[in-house]
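Listed below, chain by chain, are the residues.
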Amino acid sequence: MALTEAKRELSWDERYRPRRIDELLVQTQYRRIFSSWIKDQNTPHLIFSGPPGSGKTSAALVLSDILSDHTPSLVLTLNASDERSLDTVRHKIIPFAAQVLFGQNVRTKKVVVLDEADAWGKPVQNLLRVVMEKYAKTTRFIFTCNELHEIIGAVRSRCSVFRFAGVSAADVRARLQHVAADVRARLQHVAGDQGVACDPESLDAIVHVTQGDLRAALSLLQCTLKAHKVLTPEHVYQCAGRLPPSVLDTLCTKLWPPDEPASFRSVFSFVQEKCLQQRGVALEALIDQLEPRVYDHVPLSHQARFVQQLHGLQRRMAMGARQNLQVAALVGLALASRSVGPNQNI
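An account of the accompanying structure is given in this report.

Here is what the cut-offs are and how they apply
Residues numbered from 1 in each chain as written. Predicted model: local features only at pLDDT ≥ 70, side-chain atom pairs only at ≥ 80, totals over all residues. Heavy atoms only, no water. Phe/Tyr/Trp six-rings, centres within 6.5 Å; stacked < 30°, edge-to-face > 60°. Helix = DSSP H or I, 4+ residues; strand = E, 2+ residues; numbered from the N terminus. Buried < 20%, exposed > 50% of the residue type's maximum accessible area, 1.4 Å probe, protein only. Axes fitted to C-alpha atoms, helices over the stretch in contact; angles between N-to-C directions. Parallel < 35°, antiparallel > 145°, perpendicular 65-115°, else oblique. Contact = heavy atoms within 4.5 Å. Nonpolar A, V, L, I, M, F, W, Y, C, P; charged D, E, K, R; others polar. 1 Å grid on protein atoms, 1.4 Å probe; cavity = no way out; pocket = protein on both sides within 12 Å on 5 of 7 lines; lining within 4 Å. Points joined across faces, edges and corners; volume = space filled by probe spheres on them.

This part covers the packing of aromatic side chains. Per the stated rule, a full pass over the model turns up 13 aromatic pairs. Look at Y30 and F162: their rings are 4.8 Å apart centre to centre, the planes differ by 85°, and that puts the pair in the edge-to-face class. Here Y30, found in helix α3 (residues 28-40), pairs with F162, found in strand β5 (residues 159-163); they are 132 residues apart in sequence, far enough to count as distant. Classification of Y30 by relative accessible area gives buried; the value is 12%.

Dropping the structure here:
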């Protein structure tokens, strides 16, 4: 069945967003709790906290749809990154919460979904606390946030808090396989296209790059298939702007050689030309990939200092420093760390 034009234009993280509780890739006990609350009709106010791409917004949208009896007009969704003023509460949230429901099932609730709620300031959250209490019989609030400590205690105490973990590698891999199979079937139906293919190594590469962020994983899968039709690990790393493991291994061997080190100039040229220019990798992304390797090559007593200096390089790049100077600093730090003594600084 062909997609409608509206749905065809959706990004894949939206097109394949879960629609039911059993589709949510969250902790198993959370799905049981949500189902129990829906069955017993006693869902409280909720706070979903966790890293990006862990399913917070999807869970909020699924629950809001069920609580509102699948009535879009009974759901108010706001992104606190865009609307974070007191006027938003006074002119949008309070009028919505104050609406009287006619002809609705007694179980039906109005739902206010506040995405990225950790961006709301304390005065706004204090006003929200009053609104939550006043309209608790008819309205439920669902907050999502990355940093739970940014939500004031008065709001947290009125909600059930769920801390979402990153999506497991197995779940990400399974969802990617489902999406890739669906895309392949749709292309075959629409255009007879047999060219979309992927292998387990390619999916493992996506899982490795995105580190449990399912939204990023779906976006990377979409980008790679749109660009290349055939999914390979090399294509994945190219679209992600990351070095493949084989190139990263070569780089580490040059930065921390087991024997006599190469000249500074040759290592600098390899990083600047082979890693950054030819592969289109940003220095900040390269440093992110190098950081885990530090613990295998730098003496234990200097690892913390070395990582701190790596972050200093990233900070200077963000402030507009020249890339070639920061590459030189990176190479110099790595080569110097080979022979550092226990009482010496890098």
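This is not the end of the story, as more comes after the structure.
Across the interface, helix α14 (residues 283-297) lies against helix α15 (residues 303-318) with an axial gap of 10 Å and an inter-helix angle of 175°. Judged on the interaxial angle alone, α15 and α14 are roughly antiparallel. Packed against α14, whose contacting residues are L283, E284, I287, D288, E291, V294 and Y295, the element α15 presents Q303, F306, V307, L310, H311, L313, Q314 and M317 at the interface. For the contact of α14 with α15, the per-class residue count stands at nine nonpolar, three polar and three charged.

Let us now look at empty space enclosed by the protein. Tallied over the entire structure, the rule returns one cavity of 30 Å³ or more. Volume-wise, the largest cavity comes out at about 230 Å³. Surrounding the largest cavity, 19 residues form its lining, R17, P18, G55, S58 and L214 being those nearest its centre. Secondary-structure elements contributing two or more residues to the lining of the largest cavity are α4 (56-67) and α10 (214-228). Classifying every residue of the lining of the largest cavity by side-chain character gives eight nonpolar, five polar and six charged.

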